[in-house]
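# Notes for the structure review
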Amino acid sequence: MCGIVAAVTQRNIADFLIDSIKKLEYRGYDSSGLAVIDNKNNIIRIRCVGKVNELIKKTNKKKILGNIGVAHTRWATHGKVSKENTHPHISSNIIVVHNGIIENNSVLRLFLQKKGYIFSSDTDTEVIAHLLHWEQNKKKDSLKKVIQNSIKQLDGNYSMVVMDKNNPSKLIAARSGSPLIIGLGIEENFIASDQIALLHVTKRFIYLEEGDIAIVKKKEINIFNKDNFFIKRKEIISNTEYKSVKKGKYRHYMEKEIYEQPTSILNTLKNRLKNKNKVYFSELALEANDVFYNTENIQIVACGTSYNAAMVAKHWFESLANIPCDVEIASEFSSRKLTVRKKSLLITLSQSGETADTLLALRYSKKLGYLGNLTICNMESSSLVKESDFYILTKAGLEIGVASTKSFTTQLTVLLMLVAKIINLKKENNNISQKIVQTLNLLPMRIEKILKKNYIIKSVANILANKKNMLYLGRGNQYPIAMEGALKLKEIAYIHAEAYPSGELKHGPLALIDKNIPVIMIAPKNSLLEKNKKNIKEICSRGGLIYVFSDQEFDHEDNMNVIKLPYVEELIAPIFYIIPLQLLAYYIALKKGKEIDQPRHLAKSVTVE
Ligand code: AGP
């Protein structure tokens, strides 16, 4: 949540700041701002409510000449969306941009008010700015020491960049809770929350670790760890292509990411399926094999879309590998006293690897006696990967649309591969792992086929776009797909949608059925089809309006519409059936003219609890 960029450069800074902060808009887009110390040593601050485009318009009207600056795009936590609450926050000579939440900000605010500080915002970040100023004026220490003294007083997360008008040759970055990355240039250096923001200026990066403080100058970077020891952090060369950050021929990132799925799944499978039934993950440490071999229970924790993927995996682990699997929403997992099952493996699932709830769940689990923990994640440099015993990458590529699409299908692909791997390690039923490997190889082609049916989904979307409520139904491993379909619709089309297991309808929601609440049912050919057919009749006989997504023919009923889809193998059907539901949500949102890539109130990676 919230995006930070900062730089001390050879080039004129304002254009760099707005180009870069625009690329971080996915992290929050309530309001944005920048501050530059110009060539005459004035602080120039520009802040606006709304998208970064507002900031660009306002900045372009001014002539700012300077080489050091910071910028921020906000996802409000403390204080409403307003210009006053927009970063950067300033206390005299100190300028701060911050990502995180300071839990004890009220106590500190009172303390600072008593010392005479006047607050102009409701934010916890302004508390940091005044505290730094107070500490600086107490002892005239170096800015690094001032920051170290101040962060000792902060409870919560404080990833931030600080700039001092009295010493405009350096920036200080402090990491706590959310990522900060240093981009290395030639006689200029950059800082950002995500490498995406810097790919247009460099491919060389240093990832700060939790508790690190970095002093960043044009020609020099010094990093100190949480114990204040000078430390050399590894430089990495990013292989992310700048062009992959662009929309290309698509209207939205979400549309691009939906259509990229055959390729992203191919990348996920590449070099990992061997010898008919063997699965190999090169990034997985060898010791993981022992842990998997000894695993008798699995606990998965995740949030949002990743949680829905975990729910599908529960079916696969239990029905294919005979391993009991529990799935829990990460924030719930760490909010209660848990009893851990015997020989249990903890799996966290996350696109970003920075989701605060999931990270906290992982940290909590370490006190509970799990056999080990594994994260399945899309971001190799993320906190979840760093803090887990083992990791497997989903290789979806950059996902920028706030609504997850290709990260969901690649998570499912990895989970199914993992099931095959564990079956093999336990030497249980090689036929099943062989079948999984064979079928996964067909998946990209199956998804290509369904994407070609987009015109059918578009016509359904045009009919449903004016609805206020919808129900999504599925059974077995298609129930989580109904959940994911409903989540997509809520997120981007702002239509209230609820998902139910089809069999649960008669226990209450049936009372809602009428022609104004369309029911989307996923009913492919499988052992549950006959039960689903009964549910269809229950809905139709009560005057309900139903859209059945299936590869089957059905007896005609009034108000029943069948969306006939191509054949898919049962094993991979959950991965296949989410595609039309992603398209449905996308085309409905498009018809309604919604902000598809940046839905209101949301952010891509949720780094606050
Ligand atoms: C889904 O479309 C959302 N982007 C959201 O639910 C997301 O899946 C959730 O916040 C978890 O994110 P993660 O996978 O990065 O941990």
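Details of the structure are given in the entry above.
Cut-offs applied
- Residues numbered from 1 in each chain as written.
- Predicted model: local features only at pLDDT ≥ 70, side-chain atom pairs only at ≥ 80, totals over all residues.
- Heavy atoms only, no water.
- Helix = DSSP H or I, 4+ residues; strand = E, 2+ residues; numbered from the N terminus.
- Rg over C-alpha atoms; globule rule 2.2 N^0.38 Å.
- Buried < 20%, exposed > 50% of the residue type's maximum accessible area, 1.4 Å probe, protein only.
- Contact = heavy atoms within 4.5 Å.
- Lys, Arg positive; Asp, Glu negative; His and termini not counted.
- Charge placed at Lys NZ, Arg CZ, Asp CG, Glu CD.
- Near = heavy atom within 4 Å.
- Polar contact = N/O pair within 3.5 Å; in protein donor to acceptor, adjacent residues only side chain to side chain.
- Areas by Shrake-Rupley, 256 points an atom, 1.4 Å probe, with all protein chains shown as cover.
- Salt bridge = Lys/Arg side-chain N within 4 Å of Asp/Glu carboxyl O.
- Pairing = 2+ DSSP bridges.
- Core = buried A, V, L, I, M, F, W, Y, C linked by side-chain atoms within 4.5 Å.
- Domains from an automatic or database assignment.
- Axes fitted to C-alpha atoms, helices over the stretch in contact; angles between N-to-C directions.
- Phe/Tyr/Trp six-rings, centres within 6.5 Å; stacked < 30°, edge-to-face > 60°.
- Lys NZ or Arg CZ within 6 Å of the ring centre and 35° of its normal.

## Quick word on the overall build of the protein chain
Looking only at helices and strands, one finds 18 helices and 27 strands in the protein chain. In terms of C-alpha radius of gyration, the protein chain reaches 26 Å, essentially the compact-globule figure of 25 Å for 609 residues. Each of the three principal axes of the protein chain carries a C-alpha extent, and together these read 80 × 55 × 45 Å. When the 609 residues of the protein chain are sorted by exposure, 61% land in the buried category. Of the contacts formed within the protein chain by residues at least 6 apart in sequence, a portion of 71% connects residues at least 24 apart. In the protein chain, which carries 88 positive and 61 negative side-chain charges, the distance between the mean positions of the two groups comes to 3 Å.

## Structural notes on the site of the ligand
Close to the ligand lie 14 residues, the nearest being Ser306, Ser350, Gln351, Ser352 and Thr355. Interatomic distance of 2.6 Å between a side-chain N/O atom of serine 306 and an oxygen atom of the ligand. One of the backbone nitrogen or oxygen atoms of glutamine 351 is found 2.7 Å away from an oxygen atom of the ligand. When the ligand sits alone it has 410 Å² of accessible area, and the protein chains cover 91% of it. Put simply, the parts of the chain that give the shell around the ligand at least two residues each are α9 (304-321) and α16 (479-493). Element by element, the count of residues in the shell around the ligand is highest for α9, at 3 residues.

## Digging into the pattern of salt bridges
Following the criterion strictly, the structure yields 25 salt bridges and no others. Close ionic contact of lysine 138 with glutamate 135 constitutes a salt bridge, the shortest N to O distance being 3.2 Å. Linking lysine 138 with glutamate 135, this pair stays in helix α4 (residues 124-139), spanning 3 residues, or about one helical turn. In this structure glutamate 135 comes out as buried when scored by relative accessible area, which is 6%. As a salt-bridge pair, glutamate 328 and arginine 336 come within 2.7 Å of each other at their nearest N and O atoms. Owing to a relative accessible area of 13%, glutamate 328 belongs among the buried residues under this scheme. Taken together, the shared-partner salt bridges connect Lys256, Glu260 and Lys406 into one network.

## Points about helix α5 (residues 143-151)
Think of an α-helix as 3.6 residues a turn; residues three or four steps apart then line up on the same face. Among the 9 residues that make up α5, 8 are buried, leaving the element largely enclosed by the rest of the structure. When we look at burial in α5, the residues that qualify are Leu143, Lys144, Val146, Ile147, Gln148, Asn149, Ser150 and Ile151. Elements that come into contact with the buried residues of α5 comprise β6 (94-99), α4, β7 (159-164), β8 (170-174), β12 (213-217) and β13 (221-224).

## A short note on the pairing of β13
Taken together, the 4 bridges between β12 and β13 define a ladder with antiparallel strand orientation. Pairing of isoleucine 215 across the sheet is with asparagine 222, part of β13. A loop of 3 residues connects β12 with β13, the two strands running antiparallel in sequence. Bridging between β13 and strand β14 (residues 230-231) involves 2 bridges; their strand directions are antiparallel. Within β14, the residue paired with phenylalanine 224 across the bridge is phenylalanine 230.

## So, the nonpolar core
Most often, soluble globular proteins keep nonpolar side chains buried together rather than apart. Residues Ile300, Phe317, Leu374, Tyr472, Phe549, Leu584 and Ile588 are the most contacted members of the largest nonpolar core, which totals 97 residues. In terms of residues, this core owes the most to one element, helix α18 (residues 573-592), which gives 14 residues. Of the domains in this structure, domain 2 (253-448) and domain 3 (454-592) are the two that each give at least three residues to this core. In this structure leucine 584 touches Ile457, Val460, Ala461, Leu464, Met470, Tyr472, Ile520 and Phe549, once residues within four positions along its chain are discounted. Formed by 31 residues, the second largest nonpolar core is a distinct cluster that contains Ile21, Leu198, Leu199 and Phe205.

## Topic: the sheet that holds strand β10 (residues 189-192)
Taken together, the 8 strands give an open sheet; going across it, the order is β3-β2-β4-β1-β10-β9-β11-β15, and neighbouring strands pair in antiparallel fashion. Whereas interior strands pair on both sides, the edge strands pair on one side only; in this sheet they are β3 (43-49) and β15 (235-237). With strand direction ignored, the average angle separating the axes of adjacent strands in the sheet is 20°. Summarising the sheet, strand β9 (residues 181-184) and strand β11 (residues 204-207) pair through 3 bridges and their orientation is antiparallel. Bridging from a neighbouring strand, glycine 183 pairs with phenylalanine 205 of β11. Across the sheet, helix α1 (residues 13-23) is in contact with β1 (3-8), β2 (31-38), β4 (66-74) and β10; its angle to β4 comes to roughly 25°. Along the sheet face, helix α2 (residues 52-60) touches β2, β3 and β4 and points at about 140° away from the line of β3.

## Examining the packing of aromatic side chains
If you walk through the whole model with that rule in mind, you get 7 aromatic pairs. Ring centres of phenylalanine 333 and tyrosine 364 lie 6.0 Å apart, and the angle between their planes is 80°; this geometry places the pair in the edge-to-face category. Linking phenylalanine 333 in helix α10 (residues 330-333) with tyrosine 364 in helix α11 (residues 356-365), this pair joins segments that are 31 residues apart in sequence. The two residues phenylalanine 333 and tyrosine 364 agree in class, both being buried. Looking at lysine 144, its charged tip hangs above the ring of phenylalanine 224, at a distance of 4.0 Å from the centre.

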